[in-house]
Amino acid sequence: MRCQFLFFLLLLSSYSNAQFSEKKHKLPSVLNEISGLEVFNDSVLVAVNDSGNLPILYFINLKGQILHECRIYNATNHDWEDLCKDEDGNLY
């Protein structure tokens, strides 16, 4: 049983490496201080810049291009460090 489990992990690792090769993309200059990043769906990430920047959530594609900006009104970006998402898709 242990040997089968190890083989499964090795197979999964090989599959993952084959499917997700490393690609580098340059981010827009407005995203120069990303301190939080969360997966929104299969092809969109949500990013937030660190303290001192505008209170904006940036929705970006996997190439680093900004698809949408969502300004959070009546808020101040004071040391925003991270983002997370719950099971219902709500961002915090």
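Residues numbered from 1 in each chain as written. Predicted model: local features only at pLDDT ≥ 70, side-chain atom pairs only at ≥ 80, totals over all residues. Heavy atoms only, no water.

Caption draft 1: Representation of the packing of aromatic side chains. One pass over the full model with this rule turns up 1 aromatic pair. Between the aromatic rings of F40 and F59, the centroid separation amounts to 5.3 Å while the plane-to-plane angle is 90 degrees, which identifies the pairing as edge-to-face. Taken together, the residues F40 in strand β1 (residues 34-41) and F59 in strand β3 (residues 56-61) connect sequence positions 19 residues apart. (Phe/Tyr/Trp six-rings, centres within 6.5 Å; stacked < 30°, edge-to-face > 60°. Helix = DSSP H or I, 4+ residues; strand = E, 2+ residues; numbered from the N terminus.)

Caption draft 2: Broad picture of the environment of H78. Mapped onto the elements, H78 comes out in the segment after β4 (66-71). You can call H78 exposed: its relative accessible area is 65%. For the pair formed by H78 and L54, sequence separation is 24 residues and the distance between their alpha carbons is 9.5 Å. (Buried < 20%, exposed > 50% of the residue type's maximum accessible area, 1.4 Å probe, protein only.)

Caption draft 3: Representation of the environment of S51. When you line up the elements, S51 lands in the loop between β2 (44-49) and β3. Residue S51 is classed as partly exposed on the basis of its relative accessible area, which comes to 32%. For the pair S51 and E33, spaced 18 residues apart in sequence, the C-alpha separation works out to 8.6 Å. With residues up to four places along the chain from it excluded, the contact list for S51 reads E33, N77, H78, D79 and W80. Within polar-contact distance, the side chain of S51 engages the backbone nitrogen of D79 at 3.2 Å. (Contact = heavy atoms within 4.5 Å. Polar contact = N/O pair within 3.5 Å; in protein donor to acceptor, adjacent residues only side chain to side chain.)

Caption draft 4: Summary view of the sheet that holds β4. The 4 strands lie next to each other as β1-β2-β3-β4, forming an open sheet whose pairing is antiparallel. In the strand order of this sheet, the two ends are held by β1 and β4, each with one partner. Averaged over neighbouring strand pairs, the angle between their axes works out to 25 degrees when direction is ignored. Of the pairings in the sheet, the one linking β1 to β2 comprises 6 bridges and is antiparallel in character. Opposite E38, over in β2, you have V46 as the bridge partner. (Pairing = 2+ DSSP bridges. Axes fitted to C-alpha atoms, helices over the stretch in contact; angles between N-to-C directions.)

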